[in-house]
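A structural walkthrough
Given next are the chains, with one letter for each unit.
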Amino acid sequence: MKVFDLPVHRVSSWIFNCYLVGDDSDPLVAVDPGLPVVTERALALVRLALGRDPSDVTTIVSTHGHSDHVGGVADLQRSSGATALLPARCEQYLGGEAARTFPLVESSLRFMAVWGQQRMEFTALRQFAATGRSVGFGSSNRMRCDFDVGGYVADGDTLPGAPGWEVVHAPGHSDDSTCFYHPESATLLSGDAVVTHDGVAWFNPEYVDLPTANATEERLRTLEVRHLLPGHGLPVTAPDVWATARPSTTPPSGRSVLARCSRRFGRWG
Ligand SMILES: [Zn+2]
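This structure is a prediction, so every number in the text was calculated from the model and none was measured.

**Here's the deal with the overall build of the chain**
Along the backbone of the chain there are 8 helices and 13 strands. Its C-alpha atoms give the chain a radius of gyration of 17 Å, within 12% of the compact-globule value 18 Å for 269 residues. Counting only C-alpha atoms and orienting by the principal axes, one finds that the chain spans roughly 50 × 40 × 35 Å. Going through the 269 residues of the chain one by one, you find that 51% of them count as buried. Taking as baseline every contact in the chain between residues at least 6 positions apart, the subset at least 24 positions apart corresponds to 67%.

As structure tokens, this is what we get:
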């Protein structure tokens with residue numbers, strides 16, 4: 001599915017979003033093929049909707065090392081031969097350093113409103129549980145990797161294979177969290193630094209460290225953003241996406257059961 005009128009396509013299963021960046025003739029960059037089912041859909045989109053060959057995907061990059069953002073990389077690398085890149089911080093994790101993780105239940109209670117934003121799929125749920133045990137980090141603080149890492153991206157870099165896209169380190173949700181920003185179209189591919197709920201941006205209520213998350217919110221708000229392409233939730237477009245954005249300590253609005261549970265059972269502030 002093409003996102004707004006940008007040279008970006010989105011494929012998803014449940015709340016797990018992967019983006020293919022690139023125009024008709026460009027090499028394609030796949031961002032966050034996080035589950036095998038998402039990779040399957042990305043490959044179908046490349047072949048059928050775009051009429052391209054899997055080998056046109058030259059770069060795969062994950063916004064952070066959480067399992068649901070790296071779980072489909074190995075399959076996509078096998079099919080395309082693409083170079084897989086990770087945020088710079090992951091080099092230390094793969095060297096044995098423990099990653100910081102957020103308290104799972106407490107954070108999930110705040111985040112749960114996002115679960116209802118995209119159509120639930122059991123395949124995604126099953127694969128989410130399975131990849132969590134075998135690749136990346138999140139449920140464990142030791143990062144595992146089942147693909148060849150071809151390099152790392154750091155703050156200020158241009159995203160390899162995607163001219164005009166800048167790498168922005170955005171820690172808070174995790175210490176390696178990274179966004180990709182395209183100033184020309186004011187588009188932010190936010191990974192899990194910012195999610196969306198009911199059409200508004202939400203600085204992720206799942207965080208390892210609130211002061212760090214707040215500093216990232218402050219920095220991201222200095223970027224002009226008209227198109228927000230989140231890791232979870234639907235893309236949002238607005239003249240100024242930040243005008244209605246919710247801080248990570250603000251509970252979700254809305255009358256859905258999940259939003260109500262999130263307000264009632266999540267710990268806020
Ligand atoms: Zn994450």
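Still more ground to cover, so stick around.
**Some remarks on the sheet that holds strand S9 (residues 187-191)**
As summarised here, the arrangement of the 5 strands in space is S7-S8-S9-S12-S13, forming an open sheet in which the pairing is mixed. Lying at the two open borders of the sheet, with one neighbouring strand each, are strand S7 (166-169) and strand S13 (236-237).

**Remarks on helix H7 (residues 210-220)**
Of all the positions in H7, only Ala213, Thr216, Glu217 and Leu220 are classed as buried. All buried residues of H7 project into a common sector of 105° when viewed along the axis, lining one side. Within H7, the exposed residues directed more than 90 degrees away from the buried face are Pro211 and Glu218.

**Regarding unusual backbone geometry**
Phi at tryptophan 14 takes a positive value of approximately 50°, unusual for a residue other than glycine. With respect to the element layout, tryptophan 14 can be found in the loop between strand S1 (8-13) and strand S2 (16-21). Positive phi, normally seen in glycine, also occurs at aspartate 198, with a value near 50°. For aspartate 198, the location among the structural elements is in the loop between strand S10 (194-197) and strand S11 (200-203).

**Comments concerning the sheet that holds strand S4 (residues 57-61)**
To summarise the sheet geometry, strands pair through backbone hydrogen bonds and adopt either a parallel or an antiparallel arrangement. With mixed pairing, 6 strands are arranged side by side in an open sheet as S1-S2-S3-S4-S5-S6. Edge positions in the open sheet fall to S1 and strand S6 (149-153), since each of these has one partner strand only. Averaged over all adjacent pairs, the angle separating strand axes in this sheet is 25°, with direction ignored. Pairing of strand S3 (residues 28-31) with S4 involves 4 bridges; the strand directions are parallel. For valine 29, the partnering residue across the bridge sits in S4 and is threonine 59. Across the sheet, helix H3 (residues 73-80) is in contact with S3, S4 and strand S5 (83-87); its angle to S4 comes to roughly 165°.

**Some points on the packing of helix H1 (residues 36-49) against H3**
The geometry of H1 relative to H3 is characterised by a closest axis approach of 8 Å and an angle of 30° between their N-to-C directions. Between H1 and H3, the interaxial angle falls into the category roughly parallel. Two secondary-structure elements touch here, H1 through Pro36, Thr39, Ala42 and Leu43 and H3 through Asp75, Leu76 and Ser79. When grouped by side-chain class, the residues that make up the contact of H1 with H3 number 4 nonpolar, 2 polar and 1 charged.

**Observations regarding the environment of serine 185**
Following the sequence through the fold, serine 185 ends up in the loop between strand S8 (178-182) and S9. Residue classification places serine 185 among the partly exposed residues on the basis of 17 C-beta atoms within 10 Å. Sequence separation of serine 185 and glutamate 224 is 39 residues, and the distance between their C-alpha atoms is 9.3 Å.

**Thoughts on helix H6 (residues 122-134)**
At 3.6 residues per turn, the α-helix brings residues three or four places apart onto the same side. With 13 residues, H6 extends 19 Å between its outermost C-alpha atoms, agreeing within 8% with the 18 Å of an ideal straight helix rising 1.5 Å per residue. Those residues of H6 lying buried are Ala124, Gln127, Phe128 and Thr131. Seen along its axis, H6 keeps its buried residues to an arc of 110°; they face one direction. Turned more than 90 degrees from where H6 packs its buried face, Phe122, Arg126, Ala129 and Arg133 sit exposed. Buried positions along H6 lie against S1, S2, H1 and helix H2 (67-70). In the segment just after H6, glycine 136 is the residue with positive phi, at about 75°.

Rules and cut-offs
- Residues numbered from 1 in each chain as written.
- Predicted model: local features only at pLDDT ≥ 70, side-chain atom pairs only at ≥ 80, totals over all residues.
- Helix = DSSP H or I, 4+ residues; strand = E, 2+ residues; numbered from the N terminus.
- Rg over C-alpha atoms; globule rule 2.2 N^0.38 Å.
- Buried ≥ 20, exposed ≤ 12 C-beta atoms within 10 Å, placed from the backbone.
- Contact = placed C-beta atoms within 7 Å.
- Pairing = 2+ DSSP bridges.
- Arc of directions from axis to C-beta.
- Axes fitted to C-alpha atoms, helices over the stretch in contact; angles between N-to-C directions.
- Parallel < 35°, antiparallel > 145°, perpendicular 65-115°, else oblique.
- Nonpolar A, V, L, I, M, F, W, Y, C, P; charged D, E, K, R; others polar.
- Expected span 1.5 Å × (residues − 1).

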